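# Chain and residue survey
Each chain, written out:
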Amino acid sequence: EAMLDMDVKAKPSQPHWYERYVQPCVAELLGSALFVFTGCLSVVENTEGTGRLQPALVHGLAAGILVAALGDV
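Residues numbered from 1 in each chain as written. Predicted model: local features only at pLDDT ≥ 70, side-chain atom pairs only at ≥ 80, totals over all residues. Heavy atoms only, no water.

Per an unreviewed UniProt entry, the protein chain carries the name AQP8 protein and comes from Centropus unirufus.

Have a look at this one:
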């Protein structure tokens, strides 16, 4: 019976302006910067044995990680 007396606050229907405008822009900036940074780092020391496979794998894995980390924003 004590649990029925607790006040439950409803979540506002509209998200805060920060969550609506600023957070997606920051996530896009961070994701793009990390994607370009990891892509550039993958070819800094391009040995002859790696060929085109290393940059392709790095870009693919970086895209997957960034989508998993920033996808909910």
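### Focus: the overall build of the protein chain
Of regular secondary structure, the protein chain possesses 2 helices and 0 strands. Looking at the protein chain as a whole, 10% of its 73 residues are labelled buried. (Helix = DSSP H or I, 4+ residues; strand = E, 2+ residues; numbered from the N terminus. Buried < 20%, exposed > 50% of the residue type's maximum accessible area, 1.4 Å probe, protein only.)

### Describing the environment of Tyr-18
Looking at where Tyr-18 falls in the secondary structure, it is placed in helix α1 (residues 17-42). Non-local contacts of Tyr-18, meaning those with residues more than four positions away in its chain, are made with Gln-23 and Pro-24. (Contact = heavy atoms within 4.5 Å.)

### A closer look at α1
Residues spaced three or four apart along an α-helix point in a common direction, a consequence of the helix completing one turn every 3.6 residues. Taking 1.5 Å of rise per residue, the 26 residues of α1 would be expected to cover 38 Å, and the 37 Å separating its terminal C-alpha atoms lies within 8% of that figure. Next to the buried residues of α1 lie α2 (53-70). (Expected span 1.5 Å × (residues − 1).)

### Re the packing of α1 against α2
Packed helices, taken two at a time, are described by their axes: the angle between them and the distance between them. Packing of α1 against α2 brings their axes to within 9 Å, and their N-to-C directions diverge by 160°. When the axes of α1 and α2 are compared, the pair comes out roughly antiparallel. The hand of the α1/α2 crossing is right-handed. Note on element contacts: α2 touches α1 through Gln-54, Pro-55, Val-58, His-59, Ala-62, Ala-63, Leu-66 and Leu-70, opposite Ala-27, Leu-30, Gly-31, Leu-34, Phe-35, Thr-38, Gly-39 and Ser-42. Across the contact of α1 with α2, the residue classes break down as 10 nonpolar, 6 polar and no charged. (Axes fitted to C-alpha atoms, helices over the stretch in contact; angles between N-to-C directions. Parallel < 35°, antiparallel > 145°, perpendicular 65-115°, else oblique. Left-handed = near helix turned anticlockwise from the far one by under 90°. Nonpolar A, V, L, I, M, F, W, Y, C, P; charged D, E, K, R; others polar.)

### Overview of α2
Taking 1.5 Å of rise per residue, 18 residues should cover 26 Å, and α2 covers 25 Å from first to last C-alpha, within 8% of that figure. Buried within α2 we find Pro-55, Ala-62 and Leu-66. Each buried residue of α2 lies within a common arc of 35° when the element is viewed along its axis, so the set occupies one face. Exposed side chains of α2 directed beyond 90 degrees from the buried face belong to Leu-53, Leu-61, Ile-65, Val-67 and Ala-68. Taken together, the buried residues of α2 touch α1. (Arc of directions from axis to C-beta.)

### As for the side chain of Ser-42
Summarising the element assignment, Ser-42 is placed in helix α1. Once residues within four sequence positions are removed from consideration, Ser-42 is found in contact with Gln-54, Pro-55, Val-58 and His-59.

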